[in-house]
Amino acid sequence: ISGNHLLGLINEVLDMSKIESGNVSLSENTFLVSDTLNTVMQIIRSDAESKEQQIVLRSDLRHDAVHGDFMRVQQILLNLLSNAVKYTGTGGHISLTAEERVSGRSGVGCFEFTVEDDGIGMPPEFLDKLFTPFERAKDARVSGVQGTGLGLAIVKHAALYHGGEVFVESEEDVGTRFTVRLPIG
């Protein structure tokens, strides 16, 4: 477990280093969005179940086979879901929703992924620093939560490399909703 944790930390630091140096390139693969969604749910489910959290997947997609960087899409979703599990208490609720919107560009879909939880939420003053590398809220409620403060910075940059964007809504003691919009062929 410690080895896997250390490997995860090293990979996050390496990813951030690549991002900061501008050495990130996107792979172009054909993949199924449904497979990516199912994979991230399988990976995160055991962590959610260990905290007796309910986690659900909702999907409304017109196109399943797409062309893009499935590893980056998976990384975005895993980082968001991992944070939802970490910052949601025992018995909490987490959802991942995937929808396809009209993009206005021929051959490109606008895929919208929303991760929502009823966790501890964030104070408004922290939202401005949320995507800053190594930044973590100065809050007693998160002092025991492990993390580097790199996950959301990686999410933001991965979305930008795809030509997408990330939105966040959060209220303390109510929960958080992250929405990622990605144009994918």
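My aim in this report is to walk through the structure given alongside it, one point at a time.

Cut-offs and rules
Residues numbered from 1 in each chain as written. Predicted model: local features only at pLDDT ≥ 70, side-chain atom pairs only at ≥ 80, totals over all residues. Heavy atoms only, no water. Helix = DSSP H or I, 4+ residues; strand = E, 2+ residues; numbered from the N terminus. Expected span 1.5 Å × (residues − 1). Buried < 20%, exposed > 50% of the residue type's maximum accessible area, 1.4 Å probe, protein only. Contact = heavy atoms within 4.5 Å. Core = buried A, V, L, I, M, F, W, Y, C linked by side-chain atoms within 4.5 Å. Pairing = 2+ DSSP bridges. Phe/Tyr/Trp six-rings, centres within 6.5 Å; stacked < 30°, edge-to-face > 60°.

Considering helix H2 (residues 33-50)
With 18 residues, H2 should reach 26 Å at 1.5 Å per residue; the first-to-last C-alpha distance of 26 Å fits that figure. Within H2, the full set of buried residues consists of Val33, Thr36, Leu37, Val40, Met41, Ile44 and Ala48. Of the surrounding elements, those touching the buried residues of H2 are strand S1 (29-32), strand S2 (54-60), strand S3 (65-68), helix H3 (70-86), strand S4 (93-101) and strand S5 (109-117). Glu52 sits one or two residues past H2 and shows a positive phi near 55°.

What about the nonpolar core?
With 36 residues, the main nonpolar core has Ile76, Leu80, Leu81, Leu96, Phe113, Phe178 and Leu182 as its most contacted residues. Every element with two or more residues in this core is listed here: H2, H3, S4, S5, helix H5 (151-161) and strand S7 (175-184). Examining the composition of this core, we find that 8 residues originate from one element, H3, more than from any other. If we ignore the near neighbours within four places in the chain, the residues touching Ile76 are Val155, Ala158, Ala159, Val180 and Leu182.

What about the pairing of S5?
With 8 of 9 residues buried, S5 is to be regarded as a mostly interior element. Here 8 bridges tie S4 to S5, and the two strands are oriented antiparallel to one another. Note on S5: the bridge partner recorded for Ile94 is Asp117. Taken together, the 9 bridges between S5 and S7 define a ladder with antiparallel strand orientation. Bridge assignment links Phe111 to a residue of S7, and that residue is Leu182.

Some remarks on the environment of Leu32
Examined against the element boundaries, Leu32 turns out to sit in strand S1. In this structure, the C-alpha to C-alpha distance between Leu32 and His67, residues 35 residues apart in sequence, is 8.7 Å.

Some details on unusual backbone geometry
The phi angle at Glu52 is positive, at roughly 55°, despite the residue not being glycine. Mapped onto the elements of the fold, Glu52 is located in the loop between H2 and S2. On the basis of relative accessibility, which here comes to 60%, the residue Glu52 falls in the exposed class. Notably, Asp173 is not glycine yet its phi reads approximately 65°, a positive angle. Tracing the chain through its elements places Asp173 in the loop between strand S6 (165-171) and S7.

Observations concerning H5
Those residues of H5 lying buried are Gly151, Leu152, Ala153, Ile154, Val155, Ala158 and Ala159. Following H5 by one or two positions, Gly163 has its phi on the positive side, about 80°.

A few points about the packing of aromatic side chains
Evaluated as defined, the whole model comprises 1 aromatic pair. Centre to centre, the rings of Phe31 and Phe70 are 5.9 Å apart; their planes meet at 45°, and the pair counts as tilted. Within this pair, whereas Phe31 is found in strand S1, its partner Phe70 is found in helix H3, the two being separated by 39 residues in sequence. Using a relative accessible area of 9% as the deciding quantity, one classes Phe31 as buried.

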